[in-house]
Amino acid sequence: MASSKQPARIVVLGGGYVGLYTALRLQKKLRSNEASVTVIDPQPHMTYQPFLPEAAAGSIEPRHVTVPLRRTLDRCHVRTARVTAVDPDRKVVTVKTESGAVDEVEYDTLVVALGAVTRLLPIPGLAEHGIGLKTIGEAVYLRNHVLSRLDLAASTSDAATRRKLLTFTVIGGGFAGVEALGELEDMARSALKYYSTIEPNDMRWVLVEAAPRILPEVRESLGEYTVDKLRQRGIEVYLKTFAQNVTNGHVQLSDGTEYDSDTIIWTAGVTANPVLAEAGLPLDQRKRVVANAAMQVQGHEGVIWAAGDCAAVPDLSKRDADPEATCPPNAQHAVRQAKVLADNILASLRDKKVVDYFHKNVGAVASLGLHKGVADVYNTKGKGWTAWAAHRAYHVAKMPTFNRKVRILFGWIGSGLLGREVVSMVHVAEPRALDAGQISNMVSRQDFAKK
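Reading guide: rules and limits
- Residues numbered from 1 in each chain as written.
- Predicted model: local features only at pLDDT ≥ 70, side-chain atom pairs only at ≥ 80, totals over all residues.
- Heavy atoms only, no water.
- Pairing = 2+ DSSP bridges.
- Helix = DSSP H or I, 4+ residues; strand = E, 2+ residues; numbered from the N terminus.
- Axes fitted to C-alpha atoms, helices over the stretch in contact; angles between N-to-C directions.
- 1 Å grid on protein atoms, 1.4 Å probe; cavity = no way out; pocket = protein on both sides within 12 Å on 5 of 7 lines; lining within 4 Å.
- Points joined across faces, edges and corners; volume = space filled by probe spheres on them.
- Nonpolar A, V, L, I, M, F, W, Y, C, P; charged D, E, K, R; others polar.
- Core = buried A, V, L, I, M, F, W, Y, C linked by side-chain atoms within 4.5 Å.
- Buried < 20%, exposed > 50% of the residue type's maximum accessible area, 1.4 Å probe, protein only.
- Contact = heavy atoms within 4.5 Å.
- Salt bridge = Lys/Arg side-chain N within 4 Å of Asp/Glu carboxyl O.
- Patch = residues over 30% accessible without salt bridge, like charges linked within 9 Å, V, L, I, M, F, W, Y side chains within 5 Å.
- Areas by Shrake-Rupley, 256 points an atom, 1.4 Å probe, with all protein chains shown as cover.
- Phe/Tyr/Trp six-rings, centres within 6.5 Å; stacked < 30°, edge-to-face > 60°.

**Q** Lay out the sheet that holds strand β7 (residues 92-96) in plain terms, naming residues and giving numbers.
**A** One open sheet accounts for three strands, arranged β6-β7-β8; its pairing is antiparallel. Because the sheet does not close on itself, it has two edges, and the strands there are β6 (82-87) and β8 (102-106). Within this sheet the neighbouring strands show an average axis-to-axis angle of 25 degrees, counted without direction. Where β6 and β7 come together, five bridges link them in antiparallel fashion. Across the sheet, residue R82 finds its bridge partner in β7, namely K96.

**Q** For empty space enclosed by the protein, give the residues involved together with the corresponding values.
**A** Throughout the structure, instances matching the rule amount to one cavity of 30 Å³ or more. Of the volumes computed, that of the largest cavity is approximately 30 Å³. Around the largest cavity, the lining residues are G308, D309, C327, P328, P329, N330, H333, A334 and Q337. Here the residues of the lining of the largest cavity are counted per class, giving four nonpolar, four polar and one charged.

**Q** I'd like to hear about the nonpolar core, residue by residue, with values.
**A** Core analysis: the largest hydrophobic core is formed by 118 residues, its most contacted members being V112 and L150. Per-element tally for this core: the top contributor is helix α9 (residues 331-349), with 10 residues. In this view, V112 contacts L13, L276, L281, V289, I304, W305, A306, A307 and C310; residues no more than four positions away in its chain are not counted. One finds L126, I171, Y238 and V246 within the second-largest nonpolar core, a separate group that totals 14 residues.

**Q** Give a detailed account of the pattern of salt bridges, specifying residues and quantitative values.
**A** Any two side chains of opposite charge can pair, given that their charged atoms come close. Within this structure, the stated rule accounts for 19 salt bridges. Notably, a salt bridge pairs D202 with R162, separated by 3.4 Å at the nearest N-O pair. On the criterion of sequence distance, the pair formed by D202 in the loop between α7 (175-191) and β13 (204-208) and R162 in helix α6 (residues 159-165) is long-range, its members being 40 residues apart. Overall, R162 belongs to the buried group, its relative accessible area being 18%.

**Q** Give me a nonpolar patch on the surface: which residues, what numbers.
**A** Judged by side-chain polarity, F410, I413, L417 and L418 come together as a nonpolar surface patch covering roughly 530 Å² of accessible area. By the secondary structure assignment, L418 is in helix α11 (residues 402-418).

**Q** Would you mind going over the packing of aromatic side chains in detail, with residue names and values included?
**A** Taken as a whole, this structure holds five aromatic pairs when the rule is applied. Ring geometry for W385 versus W388: centroids 5.9 Å apart, planes at 55 degrees, classification tilted. Of this pair, W385 and W388 both sit in helix α10 (residues 384-398), three residues apart, which is roughly one turn of that helix. The exposed category is assigned to W385, whose relative accessible area is 52%.

**Q** Give me the lowdown on the layout of surface pockets, citing residues and values where you can.
**A** Taken as a whole, the second largest pocket encloses approximately 470 Å³ of empty space. Around the second largest pocket sit 21 residues that line it, and I60, E61, P62, R143 and E421 are the ones nearest its centre. The set of elements that each furnish at least two residues to the lining of the second largest pocket consists of α5 (136-154) and α11. In terms of residue count, α11 provides more of the lining of the second largest pocket than any other element does, five residues in total. Tallied by class, residues from the lining of the second largest pocket come to seven nonpolar, eight polar and six charged.

By themselves, these are just geometric observations and shouldn't be taken as functional.
Below you can see the structure in the form of structure tokens.
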């Protein structure tokens, strides 16, 4: 704790849901000279991940699903850098900028909100050919990639090459995978009216899920309904099936199915940020920081706090049925945790009592493409257009800042009136390259592989 003469130094690691909302609330409620707030994140913006599938499908301008940290946190210090180490004994965080500069940041109060990264399984070919959907860069790349496959397929006469280009595989049947599949298939089908040589049946969309059902966040009947609707659209759904090999785009599944696919979308789970393994903080079996219900890190109460995807925070709403239950890694909990977390930090600074976080999950909504969706909210299920509308209404309401809400709404109106843009801009990946064919196959897998 800082002395009364010097403002406390609050350092927030991560600019995602928890980091942004915690810093927002702190900057509004801190008294003059009571504390300084520093937010550290590798990106200068927060990404609202539930809108990534729509950004990938062209329903929303990609920039509008991001919130610029410096503009929004105008009373905080924002540092664009990657956290490489945490030293709880010295109360120091080591950071590294993209240019390679290394610096140490001292703190009196630390908030660990580093979130999660894509979990990469040791499947041959996955690191080289898999495309994630956890960042806005991946969403933009994915959109350009899918549209470029249509362009290339329309420009080739080789049947085998054409089949491979028009085969799209999504591995992972959770919200991210199912929404990405629904939105992208809808976008590609809509774009085909401009491709006279490609019929909808020429495309092949495949969903692979290791579990016996998809969308575990909603009741089983809605998962079954979603599978039926996807299959009615001609999408192949493989349940209780593993991807064993995707080398060079040749997919081998555990049931013996084999085929070529030039697009492998990987959404099969996340894992806590790997920097936590070297942070000297208590971790659970899933490598998440162990915290109590007030989000204080075990052994560092009042100094280090943790919330969001990287934290094992007790889920008090389920403790009667499961005493070991922790809050699931979703935006619903992260946003609400941030509010309680900020208030608890203020209470700690002012020597007041902290409170436990308690929130009972109200349900979930998912988009399956334009005017298609499922919802399971307050024990009431919805399907089709009403569920799709509920999905959009809920997420635009939760989108940070009035500025972004308005931009998204106008984007929806524009795409509804004028249709989606179906231009592939693959050249943005390498603007100086001259060979468009080379560019269309160019993507840096290094960041994805490191995850």
